[in-house]
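A look at the structure
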Amino acid sequence: MPRASVSLEVNGTRYDREVEPRLLLVHLLRDELGLTGTHVGCDTSNCGACTCHVNGEAVKSCTLLAVQADGAQVTTIEGMGSEGDLHPLQEAFWDNHGLQCGYCTPGMIMASADLLARNPDPSEAEIREALAGNLCRCTGYHNIVKSVQAAAKVGVPS
Amino acid sequence: MSVADQPKFVGQPMRRKEDPRLLTGRARYVDDITPQGTLWCTFVRSSEAHARIVSIDTSLAEQRDDVMAVFTGEDMEALGILDALPMAWVPPGVEVRNAPHWPLASGEVNFVGDPVAVVIGEGRYAMQDAAEEVFVEYEPLPAVTDIERALQDGSAIVHEEFGTNEVHQWSLGGGEDLEATLAASDVVVERRVVNHRISGAPIEPRGVVAEPRGTGLTLTSSTQVPHFVRLFLALLLGESEEKVRVIAPEVGGGFGAKLQVCGEEILLAACARKLTRPLKWIETRSEHMMVTHHGRDQIAYVRMGAKRDGTLTAIHSRIVADMGAYLMLLTPTIPALGAFVMSGCYKFAAVQTDITGVYTNKCPTDAIRGAGRPEATHMIEVCMDQLADELGMDRLELRRKNFFTEFPAETALGIVYDSGNYHGTLDKLLEHFDQAAFEQEKQDAAGRGRLRGVGFSTYTEICGLAPSRVTGPQGFGLQTGLWESAMVRVHFTGAVTAYTGASPHGQGQETTFAQVIADRLGVDPANVEIMHGDTASGPHGLGTYGSRTTAVGGEAIVRATNKVADKAKQIVANLLEAAPEDIEVAGGKFSVKGSPEKGMTLAEVAGAAFIPDENWPEGMEPGLEETAFFDPSNFVFPFGAHACVVEVDPETGDVDVIRYVAVDDCGPAINPKLIDGQVHGGIAHSLGQALYERIHYDEEGQLITGTFVDYCLPSAADLPSYETDRTETPSPVNELGVKGIGEAGTIAATAAVTNAVIDALRPAGVTYMDMPLTPNRIWEALRGTHTETGGGSSGEARRDGDRRETQ
């Protein structure tokens, strides 16, 4: 199998790797870089569990080959906040019980951050529409929507 | 009782202790775990619904440098797999035809996805390629997918050795003579109620990592039942139980789909042992939809009788239930669980359920959130509305007239409902609902050409599985006890670690159990760690399912904690020269009643217990650690009242859920925030089934809805906000007074939505509809046409005069 070079910055750290050209970005992040907070929940780009930011925009990292991210700046959930220093969205999801099993949560937070960067004061309908590409089976979405509303209220750094 | 006089933490809507690791991506799910030297496994699965395997050519795959081994169904003995996969229900006096089901099929495949080979080697992607280089020649056999056709003469037979597709017949009934009671009724409503097939669809699919370890084996699996998995690994692989360790790491949702002992778990363990390498398999979503057990798929012929004044007389359900191609751990048990609540909240004089299980060439069914009880509640609550229509009676008046009002209440089945206040939840629901406002909104909607309707569901469910003597081998027939365990360990510093035998995976018991312990020991929940999901630590446990974790596992935690508190009181009483019964937990201390200044913190008590000195009570063991096992005396019966308001666009058949209001009673809240979360998710699961989701096969047994693209798992844009409230009626069955809440929303909601849609369509002449209430089906029902074809149980719609318009 031929290999291709990919250089990218993830959460502020530069990585250079030789990868299979067909390697998906999500598997580069998870299997090569050990950033396992980005999850995989489907094989048809429906569930959004793999959502991260590529050059500042939310992207389902299963829809991109790793080589397509060459030169990109990527942010994953690990780059959003740490246990002692949570991002306002993480704090809002915690306060509002916006997660149960936690599997969809990183993708939900990354998609929500993208929404709030574009629209700092979204309506409930706008939140629901913006998160339509991220599936959750636990929460029924009610508390996820509340979490995003709460984060919007306190303001989120872009 | 050692409950703190004033609970400080129980009842509080605390944030969850488990969340920081989940929010930051630091939690470790099974796919996040890859031991050094791990090989990947990919399954080759049947493309045919029913076929003889003529040959399997593995040579091309085996020639690849990156492939270490390929195994097929012929290798079970060589791999040391001693027996077929388990089915744990042996109801006394009932024959259950159980076809042998091995981790890999041999000779014949019986559904699309039936695994025929596993390819093991280097690389996640490479093994997908390698699996495509295994060539299987099939000789197709006739397939059957429709459960009613499967029982007819001349049907294709799934397992030839039985000569029939009938798996079993099982009945539960009680009270007065059924037929005589129905005959003496003034009105009998008869309906064929279809409850279609769904997928559990946790967002994390299943996954397994198997690691050989010296003389033993560690299996990490995304499971709800690590101890069951360990037991069957030991039995099927001939390993001694203590050498097998099963870990449920962070588990990304279960909903019953992971209440299973899976072929992949057994096979990976056997192959890892054979190859002496760690092995890993992560299910793809497509595999999940195709092979991870489905739920529901029943047709019920319901007869419900009443007197002219609305007094209910009898309910009879003849249920034909799709088992799929094989019987998994609990497959035939599931419809039977519904039979236990077939009386609903109502005083029927006669209750009878007759179940026929049927093999089809489809994925096996088993427990999915609610497991039999959503099906039962749906048929009861939908038929209550149908009956009210026949009687010309108000739907809620009919319900109220027949509610049990005295508790404990014994149904005609002899089942005793532990507690209840059905008028209470319905009263509270109606306060929120506002009937007058609804009538106005309905008129406004009509002005816009929309059909608005409201549906109600007043339910009770059986949960807190279970009293072992009732559910066990001599009773219901499950080949296990269903108690739960807990161990509470106080450390030198007064910090606490507790082990539960339950296996929570999103429900939040790391928080709620810590709240329960903290109150009883006078400590902060922040210093109470709840451990679960590892068979190498803590006592044997039964796992998380059936809304049992708090009602059974939580009570085990209470009992172990009470033992610790009792010992602490003896230690304190001895040191403070008081009587143990005069010691109470207050203000974070074990202190003498009436003298709060005289007391010791748990840390001080632990210090005394870890360094016993001359003041240590004679004969008392050092340390501060206790274990408890709890087997309840009865099930618990949560209940509630739900209302759903929908608006239908008659031009498109599209349904908008305008409001969903739920009032539930699961006893005193430990953490109301988490109860709401469970209710929200439970409702969403059923809104999904009622409006969108369907596992659908064509007549040849090919799966049509095999991905999230076609299965229509609802997104945030498809679902409403929910309005929730509670009443608190304590259960007498456990000290906490709690009943389960994980399945309540799911059990209640399909009937509320369906009744709402029928209510909306009634002015247009539609009097009955089966789920899923998709735009196409509603559009057709409004026009009295039907075009649907397929290989499953098709629903029906009825119009005025009970003229059957569709099949």
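What counts and what doesn't
- Residues numbered from 1 in each chain as written.
- Chains lettered and ligands numbered in written order.
- Predicted model: local features only at pLDDT ≥ 70, side-chain atom pairs only at ≥ 80, totals over all residues.
- Helix = DSSP H or I, 4+ residues; strand = E, 2+ residues; numbered from the N terminus.
- Buried ≥ 20, exposed ≤ 12 C-beta atoms within 10 Å, placed from the backbone.
- Contact = placed C-beta atoms within 7 Å.
- Rg over C-alpha atoms; globule rule 2.2 N^0.38 Å.
- Core = buried A, V, L, I, M, F, W, Y, C linked by C-beta atoms within 7 Å.
- Pairing = 2+ DSSP bridges.
- Axes fitted to C-alpha atoms, helices over the stretch in contact; angles between N-to-C directions.
- Nonpolar A, V, L, I, M, F, W, Y, C, P; charged D, E, K, R; others polar.
- Parallel < 35°, antiparallel > 145°, perpendicular 65-115°, else oblique.
- Left-handed = near helix turned anticlockwise from the far one by under 90°.
- Domains from an automatic or database assignment.
- Expected span 1.5 Å × (residues − 1).
- pLDDT = per-residue confidence, 0-100.

Moving on, we come to the overall build of chain A. The secondary structure content of chain A amounts to five helices and five strands. Going from N to C terminus, chain A has its helices and strands arranged as β-β-α-β-β-β-α-α-α-α. Projected onto the principal axes, the alpha-carbon positions of chain A cover approximately 50 × 30 × 25 Å. Taken over 158 residues, chain A has a buried fraction of 56%. A separation threshold of at least 6 residues defines the contact pool for chain A, and within that pool the share at least 24 residues apart is 58%.

Our focus in this paragraph is the overall build of chain B. Looking only at helices and strands, chain B has 21 helices and 33 strands in total. Against the globule reference of 28 Å for 807 residues, chain B gives a C-alpha radius of gyration of 27 Å, in line with a compact fold. Dimensions along the principal axes, computed over C-alpha positions, put chain B at roughly 85 × 75 × 50 Å. Counting every position in chain B, which comprises 807 residues, the buried fraction comes to 60%.

This paragraph deals with the nonpolar core. One finds Val119, Ala498, Ile517, Val605 and Val757 of chain B to be the most contacted residues of the largest nonpolar core, which totals 310 residues. Among the elements that line this core, the one with the most residues is helix H20 (residues 744–761) of chain B, at 12 residues.

Residues and elements named next belong to chain B. On the basis of which strands lie adjacent, the open sheet formed by five strands has the order S7-S17-S16-S15-S8 and mixed pairing. On the outer flanks of this sheet lie strand S7 (166–175) and strand S8 (187–195), each paired with one strand and no other. The mean angle between the axes of side-by-side strands here comes to 10°, regardless of whether they run parallel or antiparallel. Taken together, the 10 bridges between strand S16 (residues 312–324) and strand S17 (residues 350–359) define a ladder with parallel strand orientation. The residue of S17 that forms the bridge with serine 317 is threonine 353. The strands touched by helix H10 (residues 373–391) are S8, strand S15 (298–306) and S16; relative to S8, the strand with the most contacts, the crossing angle is about 145°.

Before going further, it helps to examine the interface of chain A and chain B. Across the boundary between the two partners, chain A contributes 48 residues, which contact 45 residues of chain B. Elements with a contribution of two residues or more to the side of chain A that touches chain B: helix H1 (25–32), helix H2 (88–95), helix H3 (105–118), helix H4 (124–130) and helix H5 (142–154) of chain A. Split by residue class, the side of chain A that touches chain B holds 20 nonpolar, 18 polar and 10 charged.

Moving on, we get to the packing of H2 of chain A against H3 of chain A. To characterise two packed helices, one gives the angle between the axes of the helices and the distance between these axes. All names here are of chain A. Remark: H2 packs on H3, axes separated minimally by 10 Å, with the N-to-C direction vectors making an angle of 125°. By the angle between their axes, H2 is oblique relative to H3. Between H2 and H3 the crossing geometry is right-handed. The segment H2 lies against H3, with Leu89, Gln90 and Phe93 engaging Thr105, Ile109, Ser112 and Ala113. Its residues assigned to classes, the contact of H2 with H3 shows four nonpolar, three polar and no charged.

Attention now goes to the domain arrangement of chain A. All names here are of chain A. Domain boundaries assigned for chain A yield domain 1 (4–78) and domain 2 (88–154). Of note, the centres of domain 1 and domain 2, computed from C-alpha atoms alone, are 21 Å apart. Contacts between domain 1 and domain 2 engage 15 residues on the former and 11 residues on the latter. Looking at the side of domain 1 that touches domain 2, the elements that each hand over two or more residues are strand S3 (51–54) and strand S4 (57–60). With three residues, the top contributor of residues to the side of domain 1 that touches domain 2 is S3. Tallied by class, residues from the side of domain 1 that touches domain 2 come to six nonpolar, eight polar and one charged.

It is worth spelling out H10 of chain B at this point. Across its 19 residues, H10 of chain B extends 26 Å between first and last C-alpha, which sits within 8% of the 27 Å expected from 1.5 Å per residue. Across the 19 residues that make up H10 of chain B, a large majority, 16, are buried.

Before going further, it helps to examine the domain arrangement of chain B. All names here are of chain B. Annotation of chain B at the domain level lists domain 1 (19–23 + 483–630), domain 2 (33–141 + 205–253 + 258–290) and domain 3 (294–465 + 634–804). The C-alpha centroid of domain 3 is placed 40 Å from the C-alpha centroid of domain 1. Listed as interface residues are 16 residues of domain 1 and, on the opposing side, 19 residues of domain 3. Among the elements of the structure, helix H15 (509–521) and helix H16 (549–576) are those that each provide at least two residues to the side of domain 1 that touches domain 3. Residues belonging to the side of domain 1 that touches domain 3 are distributed by class as follows: five nonpolar, nine polar and two charged.

Once that is clear, we can look at the sheet that holds strand S11 (residues 216–221) of chain B. Residue and element names in this part refer to chain B. Taken together, the seven strands give an open sheet; going across it, the order is S3-S5-S1-S13-S10-S11-S12, and neighbouring strands pair in mixed fashion. With partners counted over all chains shown, the strands left at the sheet margins are strand S3 (67–72) and strand S12 (244–247), one partner each. Neighbouring strand axes in the sheet, compared pairwise and without regard to direction, differ in orientation by 20° on average. As defined by bridge partners, S3 adjoins strand S5 (residues 115–121) across five bridges and the pair is classed as antiparallel. Counted as the bridge partner of threonine 72 is alanine 117 from S5.

Turning our eyes to something else, we now look at the confidence of the model for chain B. Residue and element names in this part refer to chain B. Overall, the prediction assigns chain B a mean pLDDT of 95, with 97% of residues at 70 or greater. Long-range and interchain partners of residues 802–807, a stretch whose pLDDT sits below 50, account for 14 contacts in this model, where long-range means more than four residues apart. Reported for the predicted complex are a pTM of 0.96 and an ipTM of 0.98.

For residues besides glycine, phi is generally negative; the peptide bonds are generally trans as well. Residue and element names in this part refer to chain B. Of note, the bond from phenylalanine 407 into proline 408 is cis; its omega dihedral lies within 30 degrees of zero at 0°. Position of proline 408 among the secondary structure elements: in the loop between helix H11 (395–402) and strand S18 (409–410). A cis amide bond, omega -10°, links methionine 771 with the succeeding residue proline 772. Looking at the secondary structure, you find proline 772 in the loop between strand S31 (766–769) and helix H21 (775–783). You will see that arginine 296, though not glycine, has its phi angle at about 65°, which is positive.

Residues and elements named next belong to chain B. For the pair helix H6 (residues 226–237) and helix H7 (residues 263–275), the least separation of the axes is 10 Å and the interaxial angle reads 55°. As judged from the angle between their axes, H6 and H7 are oblique. As for the relative orientation of H6 and H7, their crossing is right-handed in sense. Of the residues in H7, those touching H6 at Val229, Leu233, Leu236 and Leu237 are Glu265, Ile266, Ala269 and Ala270. For the contact of H6 with H7, the class distribution of residues is seven nonpolar, no polar and one charged.

Another point: the pairing of S5 of chain B. All names here are of chain B. Within S5, seven of the seven residues are buried, which leaves the element mostly enclosed by the surrounding structure. Summarising the sheet, strand S1 (residues 39–45) and S5 pair through six bridges and their orientation is antiparallel. By the bridge assignment, threonine 42 is partnered in S5 with valine 119.

Between its first and last C-alpha, helix H13 (residues 435–447) of chain B extends 19 Å over 13 residues, near the 18 Å set by a 1.5 Å rise per residue. Immediately beyond the C-terminal end of H13 of chain B, within one or two residues, lies glycine 449 of chain B, with a positive phi of roughly 80°.

Now for the environment of leucine 217 of chain B. Residue and element names in this part refer to chain B. Looking at the element boundaries, leucine 217 is found in strand S11. The class for leucine 217 is buried, based on 23 C-beta atoms found within 10 Å. Remark: the alpha-carbon pair of leucine 217 and threonine 292, spanning 75 residues in sequence, is separated by 24 Å. If we skip the residues at most four places from it in the chain, leucine 217 touches Ala210, Glu211, Pro212, Glu239, Lys243, Val244, Ala269, Ala272 and Arg273.

Residues and elements named next belong to chain B. Along the chain, the position of valine 54 falls in strand S2 (residues 51–57). Between the C-alpha atom of valine 54 and that of proline 140, which follows or precedes it by 86 residues, the distance is 9.8 Å. Setting aside anything within four residues of it in sequence, one finds valine 54 in contact with Glu137, Tyr138 and Glu139.

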